[in-house]
Amino acid sequence: MPRLRAVIFGRQGAGKGTQSARLVERFGTPHISTGDMLRAAVAEGTEFGRKANDYMSAGNLVPDEVIIGVVRERLAKPDAAEHGFLLDGFPRTLGQAEVLLELCGPDGLDAAIDIDVPIPVVTERMKLRGRDDDTDEAIARRLELYEKETGPVLALFETRGLLVSVDGVGTEAEVFGRLLAALEPRLS
Ligand code: AMP
């Protein structure tokens, strides 16, 4: 089985969670979500978790040097060395992206996956989901923030020839099929 070393992007409601789960099952790759790691630290109530929570609860990003340290340590663990990684929620800034590319080395990253679902479609999906925090304005604001944050990062991966953009409109199985087909030529 080829080893997968990738990062995954997608707007809220694009199906990134579902496709990530399928990918890690298929490739036996650790799913490394920085949001999950930070929430776990907050739940544990460590000093680090308390500091992270100050940023997170204010809706801000945790500083680059902090999150980069967390990811660097995680990627150094044996499971990532052996089975690769699927990074989720990282990188979120150009600084993070540059450090990741450096950490991985010239052939160390197979792909930056973008599950692409147009804004009107994800907006509709979120409205159907009907959560209390899914007002029209809140949805629009979150999507705008995501665009601002992620746009430059995706552009950087594109210039490095690493961007794999997959049409995310369709059934879960259809999207996964497209994803595998797009990844296959990149995996050794
Ligand atoms: P997420 O679940 O990925 O949306 O992450 C939840 C929160 O954790 C974010 O709103 C940020 O405050 C923080 N966070 C997660 N990943 C990162 C990252 N790569 N850089 C900075 N902050 C992050």
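Scroll up for the structure.
First, a word on scope: everything that follows refers to the structure included in this document. Since we're looking at a predicted model, the values are computed, not measured.

Re the overall build of the chain
Part 1 of the argument: Within the chain, the regular secondary structure consists of nine helices and five strands.
Part 2 of the argument: The linear arrangement of helices and strands in the chain, starting from the amino end, is β-α-β-α-α-α-α-β-α-β-α-α-β-α.
Part 3 of the argument: In terms of overall dimensions, the chain is globule-like: its C-alpha atoms have a radius of gyration of 16 Å, near the 16 Å expected for 188 residues.
Part 4 of the argument: Projected onto the principal axes, the alpha-carbon positions of the chain cover approximately 45 × 45 × 30 Å.
Part 5 of the argument: Partitioning the intrachain contacts of the chain with sequence separation of at least 6 by distance along the chain shows that 75% fall at a separation of at least 24.

Structural notes on the site of the ligand
Part 1 of the argument: Close contacts around the ligand come from 13 residues, with Thr34, Arg39, Asn60, Gly89 and Arg92 the closest.
Part 2 of the argument: Between a nitrogen atom of the ligand and a side-chain N or O atom of threonine 34, the distance comes to 2.8 Å.
Part 3 of the argument: Across the complex, the protein chains shield 81% of the 470 Å² of accessible surface that the ligand would expose by itself.
Part 4 of the argument: Considering only residue class, the shell around the ligand consists of six nonpolar, five polar and two charged.

Notes on the side chain of aspartate 114
Part 1 of the argument: Structurally, the position occupied by aspartate 114 is in strand 4 (residues 111-116).
Part 2 of the argument: No salt bridge is formed by the buried aspartate 114, whose closest oppositely charged neighbour, arginine 11, lies at an N-O distance of 6.5 Å.
Part 3 of the argument: In this view, aspartate 114 contacts Phe9, Gly10, Tyr146, Leu154, Leu163, Val164, Ser165 and Val166; residues no more than four positions away in its chain are not counted.

Some points on helix 4 (residues 64-75)
Part 1 of the argument: In this model, helix 4 (twelve residues) spans 16 Å end to end at C-alpha, consistent with the 16 Å of a helix rising 1.5 Å per residue.
Part 2 of the argument: Listed in full, the buried residues belonging to helix 4 are Ile67, Ile68, Val70, Val71, Arg74 and Leu75. Down the axis, helix 4 shows its buried residues gathered within 160 degrees of arc, on one side only. In this structure, helix 4 carries Glu65 and Glu73 as exposed residues pointing more than 90 degrees from its buried face.
Part 3 of the argument: Check the buried side of helix 4 and you find it contacts strand 2 (31-33), helix 2 (34-44), helix 3 (47-57), helix 5 (78-83), strand 3 (84-88) and helix 6 (94-104).

Rules of the game
Residues numbered from 1 in each chain as written. Predicted model: local features only at pLDDT ≥ 70, side-chain atom pairs only at ≥ 80, totals over all residues. Heavy atoms only, no water. Helix = DSSP H or I, 4+ residues; strand = E, 2+ residues; numbered from the N terminus. Rg over C-alpha atoms; globule rule 2.2 N^0.38 Å. Contact = heavy atoms within 4.5 Å. Near = heavy atom within 4 Å. Polar contact = N/O pair within 3.5 Å; in protein donor to acceptor, adjacent residues only side chain to side chain. Areas by Shrake-Rupley, 256 points an atom, 1.4 Å probe, with all protein chains shown as cover. Nonpolar A, V, L, I, M, F, W, Y, C, P; charged D, E, K, R; others polar. Buried < 20%, exposed > 50% of the residue type's maximum accessible area, 1.4 Å probe, protein only. Lys, Arg positive; Asp, Glu negative; His and termini not counted. Salt bridge = Lys/Arg side-chain N within 4 Å of Asp/Glu carboxyl O. Expected span 1.5 Å × (residues − 1). Arc of directions from axis to C-beta.

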